[in-house]
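The chain contents come next:
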Amino acid sequence: MTTATNRFTERYRQSLDLLTRAEAAIPSQAQTFSKSWTQYPRGAAPVFATRADKGFVWDADGNRYIDWPMALGPLLLGHNHPAVNEAVTKQMQNGIAFSLPTTIELDLAERLIDWFPYAERARFGKNGSDATAGAVRAARAVTGRDRVLCCGYHGWQDWFIGTTTRGAGVPDAVKALTTPFSYNDLPALKSLLEKHQGDVAAIIMEPMGIVPPEPGYLEGVRALATEHGAVLIFDECWTGFRIDLKGAYGKFGVAPDMACFGKALGNGVPISVILGRAEVMDVFDEVFFSFTFGGDMLGIAAAGAVLDVMESEPVLDRVSEIGTGLVDGFNALVAERRLQDHISLTGYPARHVMGFKGDGHDGLLLKSLFQQEGNARGILAAGWHAPSYAHTEEDVAVTLDAYAAALDVIRAGLDNGDLADRLHGDMVQAVFRKP
């Protein structure tokens, strides 16, 4: 990091002062690893936000950014969508926490059961981790087995996070019960099921991450789960409502036994849900999936409004248009600057991720420099995009102009061999570090 005063020092003064305060109050200085200062070049990027609206966010110094991460994906309709705000405000006036089940949670449960053809029951949570952990527990209860096979990211709970490099505090005995498998590799999954014949309670997976399933892959997973008596759980916290209004089932026609949704369901208001077949879901009569805010009415009210908007307006078509403009434009900029060996873009219009390599630092130096230059030009440059219904063609054009300038800096740094000298902040860190 360059410590001398530079063009970023004053731009982020308030953010950096707040970060100093946070170091004495909040471990890791954020409530979510992926939102912390470690994910942006400290000293050359914003650290704290104060407000947001539509497709924009403002930092503590008053700088405005086009917001592409959108709070890690839940804001499919954009910040402050009027229908969602109205529903939440109305519910606040009628009460937000009752001592009995509520009529609106029953209404939402019935609506989601009608929405997804395979769903016969619904249980609500607050975070995606609530839903995935609850689904895994239910699968273990209904099968009488312990082992879980997983593919993708499934939240912070012990059963999953113990498989990652962030597994501190998880007992080895718990870690041993979950085994990851590779996506789009049916033989590998089949081999694991045969190795643990009769012991696998659940196969839980993101039906699509940023790479689409190969033809027949999800159908093959479904068949293997049935053959081996394992409960198939789709973690749709990301894909839910981004790839199709009916999620992976609508996109690929494959029905899980249970599915977990969160993020976009509440458009930023915390809510998650487990949906599934009655045969599996009715075990929740006995499985303890119960917490004070499980039926929180603000999230349920928000979800109802989100479904209304998605049913009546061309949300996904619009998001696809915006995302396609970003993808095509970015790929063209990379090609024009002959950076294909260093920078790539993977995913689909509603969610795509940049890849960086060839800098001697696992791509983190290139990513940091790209973020620094994008942030300076009014783009919250996280290295990935989750476009929303609130974004516009003008946002895309402004973003691509900023990215063009950022890529010019990278191209010059590569040509001159001085990439590191051009970075005026700390290099970003990986959330899941290499072992």
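It should be emphasised that the depicted structure is a prediction, and the values quoted were computed from it without experimental measurement.

**Considerations on the pairing of strand β12 (residues 351-356)**
Next, step 1: Summarising the sheet, strand β11 (residues 343-348) and β12 pair through six bridges and their orientation is antiparallel. In the strand pairing of β12, Thr 346 is matched with Val 353.
Next, step 2: The loop that links β11 with its antiparallel partner β12 comprises two residues.
Next, step 3: Note that β12 and strand β14 (residues 384-385) share two bridges and pair antiparallel. Among the inter-strand pairings, His 352 is bridged to a residue of β14, identified as His 385.

**What to know about the sheet that holds strand β1 (residues 49-53)**
Next, step 1: As summarised here, the arrangement of the four strands in space is β1-β2-β3-β13, forming an open sheet in which the pairing is mixed. Because the sheet does not close on itself, it has two edges, and the strands there are β1 and β13 (379-380).
Next, step 2: With four bridges joining them, β1 and strand β2 (residues 56-59) adopt antiparallel strand pairing. Opposite Asp 53, over in β2, you have Phe 56 as the bridge partner.

**As for empty space enclosed by the protein**
Next, step 1: Scanning the entire structure with this criterion turns up one cavity of 30 Å³ or more.
Next, step 2: Its volume calculated, the largest cavity comes out at about 30 Å³.
Next, step 3: Lining the largest cavity are Phe 124, Gly 125, Lys 126, Pro 270, Ile 271, Gly 294, Gly 295, Asp 296, Gly 299 and Ile 300.
Next, step 4: Looking at the lining of the largest cavity, its residues break down into four nonpolar, four polar and two charged.

**Structural notes on the packing of helix α12 (residues 315-336) against helix α14 (residues 393-416)**
Next, step 1: For the pair α12 and α14, the least separation of the axes is 10 Å and the interaxial angle reads 20°. Between α12 and α14, the interaxial angle falls into the category roughly parallel. Taken as a pair, α12 and α14 cross one another with a handedness that is right-handed. Contacts between α12 and α14 involve Arg 318, Ile 322, Gly 325, Leu 326, Gly 329, Phe 330, Leu 333 and Val 334 from the former and Glu 393, Val 396, Thr 399, Leu 400, Tyr 403, Ala 404 and Leu 407 from the latter.
Next, step 2: Classifying every residue of the contact of α12 with α14 by side-chain character gives ten nonpolar, three polar and two charged.

**Section: the packing of aromatic side chains**
Next, step 1: Under the definition given, this model contains 18 aromatic pairs.
Next, step 2: Between the aromatic rings of Phe 284 and Phe 289, the centroid separation amounts to 5.5 Å while the plane-to-plane angle is 55°, which identifies the pairing as tilted. With respect to burial, Phe 284 and Phe 289 carry one shared label: buried.
Next, step 3: Every member of this aromatic cluster is reached through a ring pair, and the members are Trp 115, Phe 116, Tyr 118, Phe 241, Tyr 249 and Phe 261.
Next, step 4: A cation over an aromatic ring shows up here: Arg 64 above the ring of Phe 56, its NZ or CZ 3.9 Å from the ring centre.

**Looking at unusual backbone geometry**
Next, step 1: Positive phi, normally seen in glycine, also occurs at Ser 28, with a value near 65°.
Next, step 2: Its place among the elements puts Ser 28 in the loop between α1 (13-23) and β1.
Next, step 3: For Ser 28, a relative accessible area of 30% translates into the label partly exposed.
Next, step 4: One non-glycine residue, Lys 54, lies in the positive phi region at around 50°.
Next, step 5: Following the sequence through the fold, Lys 54 ends up in the loop between β1 and β2.

**Let's talk about the sheet that holds strand β6 (residues 178-180)**
Next, step 1: Spatial ordering of the open sheet is given by β4-β10-β9-β8-β7-β5-β6, a layout of seven strands whose pairing is mixed. Each edge of the open sheet is held by one strand with a lone partner, namely β4 (121-125) and β6. Across the sheet, the axes of successive neighbouring strands diverge by a mean angle of 20°, strand direction being ignored.
Next, step 2: Here five bridges tie strand β5 (residues 147-151) to strand β7 (residues 200-205), and the two strands are oriented parallel to one another. Paired with Cys 151 across the bridge in β7 is Met 205.

Cut-off values and rules
Residues numbered from 1 in each chain as written. Predicted model: local features only at pLDDT ≥ 70, side-chain atom pairs only at ≥ 80, totals over all residues. Heavy atoms only, no water. Pairing = 2+ DSSP bridges. Helix = DSSP H or I, 4+ residues; strand = E, 2+ residues; numbered from the N terminus. 1 Å grid on protein atoms, 1.4 Å probe; cavity = no way out; pocket = protein on both sides within 12 Å on 5 of 7 lines; lining within 4 Å. Points joined across faces, edges and corners; volume = space filled by probe spheres on them. Nonpolar A, V, L, I, M, F, W, Y, C, P; charged D, E, K, R; others polar. Axes fitted to C-alpha atoms, helices over the stretch in contact; angles between N-to-C directions. Parallel < 35°, antiparallel > 145°, perpendicular 65-115°, else oblique. Left-handed = near helix turned anticlockwise from the far one by under 90°. Contact = heavy atoms within 4.5 Å. Phe/Tyr/Trp six-rings, centres within 6.5 Å; stacked < 30°, edge-to-face > 60°. Buried < 20%, exposed > 50% of the residue type's maximum accessible area, 1.4 Å probe, protein only. Lys NZ or Arg CZ within 6 Å of the ring centre and 35° of its normal.

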